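Descriptive analysis of the structure
Residues per chain are reported as follows:
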Amino acid sequence: MRARSYQSRNSLGEKNRRGMVALLNQQLADALDLGLQAKQAHWNVKGPQFVGLHQLFDKLAEELEGFTDDIAERAVELGGIAQGTVQIVLKCSRLTAYPLDLASGQGHVAALSGVLAGFGATTRAAIYIADKAGDADTADLFTEVSRGVDKLLWMVEAHLQSKD
Ligand SMILES: [Fe+2]
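Now for a look at the structure at hand.

So, how was this worked out
- Residues numbered from 1 in each chain as written.
- Predicted model: local features only at pLDDT ≥ 70, side-chain atom pairs only at ≥ 80, totals over all residues.
- Heavy atoms only, no water.
- Axes fitted to C-alpha atoms, helices over the stretch in contact; angles between N-to-C directions.
- Helix = DSSP H or I, 4+ residues; strand = E, 2+ residues; numbered from the N terminus.
- Parallel < 35°, antiparallel > 145°, perpendicular 65-115°, else oblique.
- Left-handed = near helix turned anticlockwise from the far one by under 90°.
- Contact = heavy atoms within 4.5 Å.
- Expected span 1.5 Å × (residues − 1).
- Buried < 20%, exposed > 50% of the residue type's maximum accessible area, 1.4 Å probe, protein only.
- Polar contact = N/O pair within 3.5 Å; in protein donor to acceptor, adjacent residues only side chain to side chain.

Moving on to the packing of helix α1 (residues 14-44) against helix α2 (residues 50-77). Look at α1 against α2: their axes get within 8 Å of each other, and the N-to-C directions meet at 160°. Our classification of the angle between α1 and α2 gives roughly antiparallel. As α1 packs across α2, the resulting crossing turns out to be left-handed. On α2, the residues that touch V21, L24, N25, L28, A31, L32, L34, G35, A38, K39, A41 and H42 of α1 are H54, F57, D58, L60, A61, L64, T68, I71, A72, R74 and A75.

Here is the structure:
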């Protein structure tokens, strides 16, 4: 199905803008899923590292909310429609479903680092695609998201790297 597109005086060609809107919406679905997964971990984590992880997972969700807003609004700026409903996320997210039975900090850290790394990889690919399409601004947005996700992944993975 051809997604609706609005006319715009934006100097990027319409074909390129449509391609970028599709790319942005795919990353949006994944990022929304990831944000909910971080909340799932925030609510359910237990164990000796509770306080630190409970706060860290909330920080993750907060940062991802900022990214999703920027990604969604860029899709609209380019004449598209931001697709951010839970039904779309369910249909389009490429993330592994978050396990519902995790309790330990290590379990949540392992699950979240896996999906964060996956989202980091598709974000890096999106930078390349946007760049090739001649949309330096969308590439720049994904670069910012990618740098942020790398930082979040560091903060989560550090909990698995405490052995000397
Ligand atoms: Fe909370």
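Once the structure has been displayed, the description carries forward.
Quick look at helix α5 (residues 136-157) now. Taking 1.5 Å per residue, 22 residues should reach 32 Å; α5 reaches 31 Å between its end C-alpha atoms and fits that length. Restricting attention to buried positions, one finds in α5 the residues T138, A139, L141, F142, V145, S146, G148, V149, L152, L153, M155 and V156. Structurally, α5 contributes buried residues whose contacts are with α1, α2 and α4 (105-132). Two or three places before D137, at the start of α5, stands the capping residue D135, its side-chain oxygen 3.2 Å from that residue's backbone nitrogen.

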